[in-house]
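Each chain is listed here by its residues.
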Amino acid sequence: MSEYQLHCFAQSGNAYRAALMLNLIDADWEPVWVDYFKSGVPRSPQFRSAINEMGEVPVLVHGKKKLSQSGVILTYLARRSGKFLPQGEDEEFECLRWLLFDNQKVNGYLGPFRAIKNYTPNPDAAVLEFLKGRFTNSLGIVNKRLETAPCLLGERPTIADVSLAGYLFYPAEEFGFDIGVDYPAIGAWRERIRALPGWGHPYDLMPGHPLPA
Ligand SMILES: N[C@@H](CCC(=O)N[C@@H](CS)C(=O)NCC(=O)O)C(=O)O
């Protein structure tokens with residue numbers, strides 16, 4: 001058995017953050033596929049009692065430890081590996097600031113937008129419009145930040161960047177626009193992250209793509 005197991009599925013950008021980090025630090029890990037679309041496993045009482053009371057992926061299992069919330073998983077892996085770790089108290093708080101902003105306002109809106117657009121039978125145009133308005137503002141803020149430095153905290157990639165990767169590498173057609181074209185500094189950042197040793201696409205790192213027809 002591998003050192004780490006990651007409960008995940010290919011379409012989850014929240015889980016991608018953890019899968020990407022495991023690959024970037026060259027960890028010995030394996031994915032455990034969670035059937036979200038057909039069986040709604042994270043909502044089942046069994047998943048909630050045995051895996052994660054919050055009913056979400058990602059969940060990282062490391063021996064007796066079970067961790068959820070991608071920001072917690074990223075922090076845990078950064079501390080254990082010494083890689084992508086913010087250095088010193090100021091950088092730690094700065095990193096936390098971007099992790100929270102990303103979770104709530106960047107990938108926190110991109111994820112539901114993409115899920116509703118691609119995986120629900122009759123997407124509600126007003127809901128999509130609302131979500132798009134929210135993440136358009138947030139992507140603009142991130143783009144401005146990345147015009148001033150190669151990575152969110154400056155020169156060096158940290159877990160703030162790994163978190164931001166969440167939904168940013170999924171195909172443009174799933175969003176109906178190309179994030180890298182509309183937000184050029186994010187596009188350039190995306191190429192820098194793609195060039196890191198160990199980078200992998202979400203559909204290659206996690207099981208479950210493509211969805212059965
Ligand atoms: N803030 C959480 C978000 C996790 C999350 O929303 N995961 C989704 C999959 S992308 C989920 O499991 N949702 C379960 C549900 O909606 O029932 C994180 O970063 O880990």
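First, a word on what this report is: a plain description of the structure on this page. Here the structure is a predicted model, which means the values were calculated and not measured.

Quick notes on the rules
Residues numbered from 1 in each chain as written. Predicted model: local features only at pLDDT ≥ 70, side-chain atom pairs only at ≥ 80, totals over all residues. Heavy atoms only, no water. Phe/Tyr/Trp six-rings, centres within 6.5 Å; stacked < 30°, edge-to-face > 60°. Helix = DSSP H or I, 4+ residues; strand = E, 2+ residues; numbered from the N terminus. Buried < 20%, exposed > 50% of the residue type's maximum accessible area, 1.4 Å probe, protein only. Lys NZ or Arg CZ within 6 Å of the ring centre and 35° of its normal. Near = heavy atom within 4 Å. Polar contact = N/O pair within 3.5 Å; in protein donor to acceptor, adjacent residues only side chain to side chain. Areas by Shrake-Rupley, 256 points an atom, 1.4 Å probe, with all protein chains shown as cover. Nonpolar A, V, L, I, M, F, W, Y, C, P; charged D, E, K, R; others polar. Pairing = 2+ DSSP bridges. Axes fitted to C-alpha atoms, helices over the stretch in contact; angles between N-to-C directions. Contact = heavy atoms within 4.5 Å. Salt bridge = Lys/Arg side-chain N within 4 Å of Asp/Glu carboxyl O. Expected span 1.5 Å × (residues − 1).

**As for the packing of aromatic side chains**
Then, number 1: For the structure on display, the rule yields 14 aromatic pairs.
Then, number 2: Look at Tyr16 and Phe169: their rings are 6.4 Å apart centre to centre, the planes differ by 70°, and that puts the pair in the edge-to-face class. Of this pair, Tyr16 sits in helix 1 (residues 13–24) while Phe169 sits in the loop between helix 6 (159–164) and helix 7 (179–182), and the two are 153 residues apart along the sequence.
Then, number 3: For Phe169, a relative accessible area of 5% translates into the label buried.
Then, number 4: Between Phe169 and Trp199, the ring centres sit 5.1 Å apart and the planes meet at 55°, which makes this aromatic pair tilted. With Phe169 in the loop between helix 6 and helix 7 and Trp199 in the loop between helix 8 (184–194) and helix 9 (202–205), the pair connects residues that are 30 residues apart, well separated along the chain.
Then, number 5: Put simply, the rings of Tyr16, Tyr167, Phe169, Tyr170, Trp189, Trp199 and Tyr203 pair up and form one aromatic cluster.
Then, number 6: A cation sits over an aromatic face here: Arg194 above Trp199, 5.4 Å from the ring centre.

**Some points on the site of the ligand**
Then, number 1: Near the ligand lie 14 residues; those nearest to it are Ser12, Arg43, Val57, Gln69 and Ser70.
Then, number 2: Arg17 places a polar side-chain atom, nitrogen or oxygen, 3.1 Å from an oxygen atom of the ligand.
Then, number 3: Note that an oxygen atom of the ligand is positioned 2.5 Å from one of the side-chain N or O atoms of Arg43.
Then, number 4: In isolation the ligand has 520 Å² of accessible area, and contact with the protein removes 81% of it.
Then, number 5: Looking at the shell around the ligand residue by residue, the class counts come to five nonpolar, six polar and three charged.

**Focus: the sheet that holds strand 2 (residues 29–33)**
Then, number 1: Taken in spatial order, the four strands line up as 2-1-3-4 in an open sheet, and their pairing is mixed. The open sheet has two edge strands with one neighbour each: strand 2 and strand 4 (65–68). Put simply, the sheet's adjacent strands are angled 20° from each other on average, direction ignored.
Then, number 2: Strands in contact with helix 1 are strand 1 (4–8), strand 2 and strand 3 (59–62); relative to strand 1, the strand with the most contacts, it is inclined by about 155°.
Then, number 3: Its contacts with the sheet put helix 3 (residues 70–81) on strand 1, strand 3 and strand 4, and the angle it makes with strand 4 is roughly 130°.

**Examining the pairing of strand 2**
Then, number 1: Alignment of strand 1 against strand 2, held across five bridges, turns out to be parallel. Across the sheet, Tyr4 pairs through a bridge with Trp29, a residue of strand 2.

**A few points about the pattern of salt bridges**
A side chain of one charge can pair with a side chain of the opposite charge if their charged atoms are brought near each other.
Then, number 1: Here the structure, examined in full by the defined rule, presents eight salt bridges.
Then, number 2: For Arg80, the salt bridge identified is with Glu3, shortest N-O distance 3.8 Å. Taken together, the positions of Arg80 in helix 3 and Glu3 in the segment before strand 1 put the pair 77 residues apart, joining distant regions of the chain.
Then, number 3: Residue class for Glu3 comes out partly exposed when judged on its relative accessible area of 35%.
Then, number 4: Residue Arg17 pairs with Asp102 through a salt bridge whose shortest N-O separation is 3.0 Å.

**Thoughts on helix 5 (residues 125–148)**
Then, number 1: The terminal C-alpha atoms of helix 5, which comprises 24 residues, lie 35 Å apart, in line with the 34 Å expected from a rise of 1.5 Å per residue.
Then, number 2: Burial in helix 5 covers these residues: Leu128, Leu131, Phe135, Ser138, Leu139, Val142, Asn143 and Leu146.
Then, number 3: In this fold, the buried residues of helix 5 make contact with helix 4 (88–119), helix 6 and helix 8.
Then, number 4: Backbone nitrogen of Ala126 and a side-chain oxygen of the N-cap are separated by 2.9 Å at the start of helix 5; the cap is Asp124.

**What to know about helix 1**
Then, number 1: Between its first and last C-alpha, helix 1 extends 16 Å over twelve residues, near the 16 Å set by a 1.5 Å rise per residue.
Then, number 2: Counting buried residues in helix 1 gives ten out of twelve residues, a clear majority hidden from the surface.
Then, number 3: Positive phi appears at Asp26, one or two residues downstream of helix 1, with a value of about 60°.

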